[in-house]
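Fold and contact review
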Amino acid sequence: MIKASIIGATGYSGAVLAGILSAHKDVEIISLTSKTYAGKKFSDIYKNFKGILDIELEEQNIEKISKNADVIFVALPHGIASAQIDAGVLSNAKVIDLGADFRLKDKEVYENWYNTKHHGEELLDNAVYGLCEWEREKVKSASLVANPGCYATASILAAAPLLKEGVICPDDIIIDAKSGVSGAGRSLDLGVHYCECSDSIKAYKVASHRHTPEIEQVLSCISGKDPLVNFTPHLVPMKRGILASVYMKPVLDISLNDIRAIYKKYYKNEYFIRFLNEGEVPETRWVQGSNFCDINVFKDPRTKRIIAFSAIDNLVKGAAGQAVQNMNIMFGLEEKTSLENIAMFP
């Protein structure tokens, strides 16, 4: 059995992760930590775990936990993991960081976008970006995995095939993405109070969202080009889910059939990528609670633009589910283990 620990287990991503791991046949959860609820049972905070995960929440001590764990999942706000994960921890256990601290390879870029100091520059070159469908071989041998951001996951999966094939202009990519309010986390914030966000939709962090350099960096690594992305996120009044609409300008006249053939080339053997039938539009309701990403692509005959859509659950494929998918790959397990549940509907 793989001994697993979750640092920051009482946030939304940590709780979803605990649920997936508690049902994993090859995993034993040996510790859960919480800064706010240490000393209380996890099932007292999330009562759906009553009788399933009654473990007592501990104070956060990654170094101590690493001596007993095989894998540590870190589900903390940015700026914390880089100060606490070091070579000593990684010599004891594998680490999957659900935060942003090891996603960007350039320390200065990270510090500029996140307005905080990075404390683990020496680990950046060794960290593997855990977008499973594109980085699987690197993940297999990784000791430190940077779990992708939720918006980044949806956006990159939608744009990567065409950029990889050189079909689209790399400097003219527009991403319009909508997310449910769970993406803001569980901490109190006026902007995500019910009366503030219900019956309304708004853009936020226009031209300044921190997933922008992440999207550009990974698309560059995949394609060998230097993409320039306009990324605008929106908050919509639903609990979970992301729909990304990606607008791309082709460099040559290409038919929709040929465009679709490119997506099939890259995703036909990817279990968690569902490339839809021609004309179908992805919807968040069909991926909610699952690790699937639904993708489809259209061509506007008037503007000639290619429009790709992707839908994911921000807490599963965009966070906890992808983290478990990475763990399965790292430990040589069947990649789908504990992740085959379909969306709950209605």
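Anything mentioned here points back to the structure above.
So, here is what we can say about the structure in this document. No experiment lies behind these values; they were computed from the predicted model shown.

Brief notes about the packing of helix α8 (residues 150–164) against helix α10 (residues 211–223)
Running from amino to carboxyl end, α8 crosses α10 at an angle of 30°, the nearest separation of the two axes being 9 Å. Here α8 lies roughly parallel to α10, going by the angle between them. Viewed along their axes, α8 and α10 form a crossing whose handedness is right-handed. Between α8 and α10, the residues in contact are C150, Y151, A152, S155, I156, A159, A160, L163 and K164 and H211, E214, I215, V218, L219, I222 and S223, respectively. When grouped by side-chain class, the residues that make up the contact of α8 with α10 number 11 nonpolar, 3 polar and 2 charged.

Structural notes on the sheet that holds strand β8 (residues 202–203)
Strand order across the open sheet formed by 7 strands is β8-β9-β7-β10-β13-β12-β11, with mixed pairing between neighbours. Two strands bound the open sheet, and with one partner strand each, they are β8 and β11 (273–275). Looking at chain direction, β8 and strand β9 (residues 229–235) are connected through 2 bridges and run antiparallel. Bridge assignment links K202 to a residue of β9, and that residue is L235. Of the strands in this sheet, β10 (242–250), β11, β12 (293–299) and β13 (306–312) touch helix α11 (residues 256–267), which is tilted by about 160° from β12.

Here's the deal with a negative patch on the surface
Side chains of E63, D86, D106, E108, E121, E122 and D125 sit close together on the surface and give a patch of like negative charge. Considering the arrangement of structural elements, one finds E121 in the loop between α6 (107–114) and β5 (128–129).

Details of the environment of I62
Positionally, I62 belongs in helix α3 (residues 62–66). Accessibility expressed as a relative area gives 3% for I62, which makes it buried. Placed 56 residues apart in sequence, I62 and I6 show a C-alpha to C-alpha distance of 9.7 Å.

Regarding α6
Residues separated by three or four positions in an α-helix point in the same direction, a consequence of the helix having 3.6 residues per turn. For α6, the complete set of buried residues consists of K107, Y110 and Y114. Looking down the long axis of α6, one finds its buried residues gathered within 65° of arc, a one-sided arrangement. α6 presents E108 and N112 as exposed residues on the side facing more than 90 degrees away from its buried surface. Sitting at the head of α6, D106 places a side-chain oxygen 2.8 Å from the backbone nitrogen of E108. Looking one or two residues beyond α6, the residue adopting positive phi is N115, at roughly 55°.

With respect to the packing of helix α7 (residues 132–140) against helix α12 (residues 316–330)
Interhelical geometry of α7 versus α12 gives an angle of 40° and a closest axis separation of 9 Å. Considering their axes alone, α7 and α12 lie oblique with respect to each other. Helix-helix and strand crossings are classified by hand; for α7 and α12 the assignment is right-handed. On the side of α7, the interface is formed by C132, E133, R136, V139 and K140, while α12 contributes K317, Q322, Q325, N326, I329 and M330. Across the contact of α7 with α12, the residue classes tally to 4 nonpolar, 3 polar and 4 charged.

Examining the pattern of salt bridges
Pairing is possible between side chains of opposite charge, provided their charged atoms come close. One pass over the structure, following the stated rule, counts 16 salt bridges. For R103, the salt bridge goes to E214, with nearest N and O atoms at 3.5 Å. Of this pair, R103 sits in the loop between β4 (94–97) and α6 while E214 sits in helix α10, and the two are 111 residues apart along the sequence. Judged by relative accessible area, which is 6%, R103 ranks as buried. Classification of E214 by relative accessible area gives buried; the value is 1%. Residue D294 pairs with R274 through a salt bridge whose shortest N-O separation is 2.7 Å. A residue pair is termed long-range when its members are at least 10 positions apart, and D294 in strand β12 and R274 in strand β11 qualify at 20 residues. Taken together, the shared-partner salt bridges connect R136, E270 and E335 into one network.

Focus on the pairing of strand β1 (residues 2–7)
Moving residue by residue along a regular strand, the side chains alternate between the two faces of the sheet. Across the 6 residues of β1, 5 count as buried, placing the element largely inside the fold. Judged from the 6 bridges that link them, β1 and strand β2 (residues 27–33) form a sheet pairing that is parallel. Following the sheet pairing, I2 is matched in β2 by V27. Of the pairings in the sheet, the one linking β1 to strand β3 (residues 71–74) comprises 4 bridges and is parallel in character. For I7, the partnering residue across the bridge sits in β3 and is V74.

Comments concerning the sheet that holds β2
Here 6 strands make up an open sheet; going across it, the order is β2-β1-β3-β4-β6-β5 and the pairing parallel. Bordering the open sheet on either side are β2 and β5, each of which pairs with just one other strand. In this fold α12 packs onto β2, β3, β4 and β6 (144–146), with an angle of close to 155° to the strand it touches most, β4.

What about the side chain of H209?
Here H209 shows up in the loop between β8 and α10. Looking at H209, the relative accessible area reads 9%, which means it is buried. Not counting residues within four places of it along the chain, the set of residues in contact with H209 comprises W113, Y151, Y204, F231 and P233.

About the thresholds
- Think of each chain on its own: its residues are numbered from 1, step by step along the sequence as written.
- Note on the predicted model: pLDDT of at least 70 is required for a residue's local features to be given, and 80 or more for side-chain atom pairs to be given and counted; whole-chain, interface and lining totals, by contrast, use all residues.
- Side-chain metrics in this entry use all non-hydrogen atoms of the structure; hydrogen atoms and water are not considered.
- To obtain each axis, a line is fitted to C-alpha atoms, and for helices this fit is confined to the stretch in contact; angles are then taken between N-to-C directions over 0 to 180 degrees.
- The way it works is that DSSP assigns letters per residue, a run of H or I at least four long becomes a helix, a run of E at least two long becomes a strand, and they are numbered from the N terminus.
- In this scheme, roughly parallel covers angles under 35 degrees and roughly antiparallel covers those over 145, while 65 to 115 is roughly perpendicular and the rest are oblique.
- By definition, turning the near helix anticlockwise from the far helix through less than a right angle yields a left-handed crossing, and turning it clockwise yields a right-handed one.
- We call two residues in contact whenever any of their non-hydrogen atoms come within 4.5 Å of each other.
- Residue polarity is assigned by list, with Asp, Glu, Lys and Arg as charged and Ala, Val, Leu, Ile, Met, Phe, Trp, Tyr, Cys and Pro as nonpolar; anything else, Gly included, falls into the polar class.
- If DSSP finds at least two bridges between two strands, the strands pair.
- Each patch is assembled from residues with relative accessible area greater than 30% and no salt bridge, linking like charges that lie within 9 Å and nonpolar side chains (Val, Leu, Ile, Met, Phe, Trp, Tyr) that lie within 5 Å.
- Every accessible area reported is derived by Shrake-Rupley at a probe size of 1.4 Å, with residue values counting cover from the shown protein chains alone.
- The working definition used for a salt bridge is a side-chain nitrogen of Lys or Arg within 4 Å of a carboxyl oxygen of Asp or Glu.
- By the counting scheme adopted, Arg and Lys are positive, Glu and Asp are negative, and His together with the chain ends is not counted.
- Every charge is mapped onto a representative atom, which is NZ of Lys, CZ of Arg, CG of Asp or CD of Glu.
- The cut-offs for exposure are 20% and 50% of the maximum accessible area for each residue type, with area from a 1.4 Å probe on protein chains only; residues under the lower value are buried, those over the upper are exposed, and the others partly exposed.
- Of all possible arcs, the one meant is that of the directions from the helix axis to the C-beta atoms.
- For the purposes of these results, a polar contact is taken to be a pair of N or O atoms within 3.5 Å, where, inside protein, one atom must be able to donate a hydrogen and its partner to accept one; residues adjacent in sequence count only when each atom of the pair is a side-chain atom.

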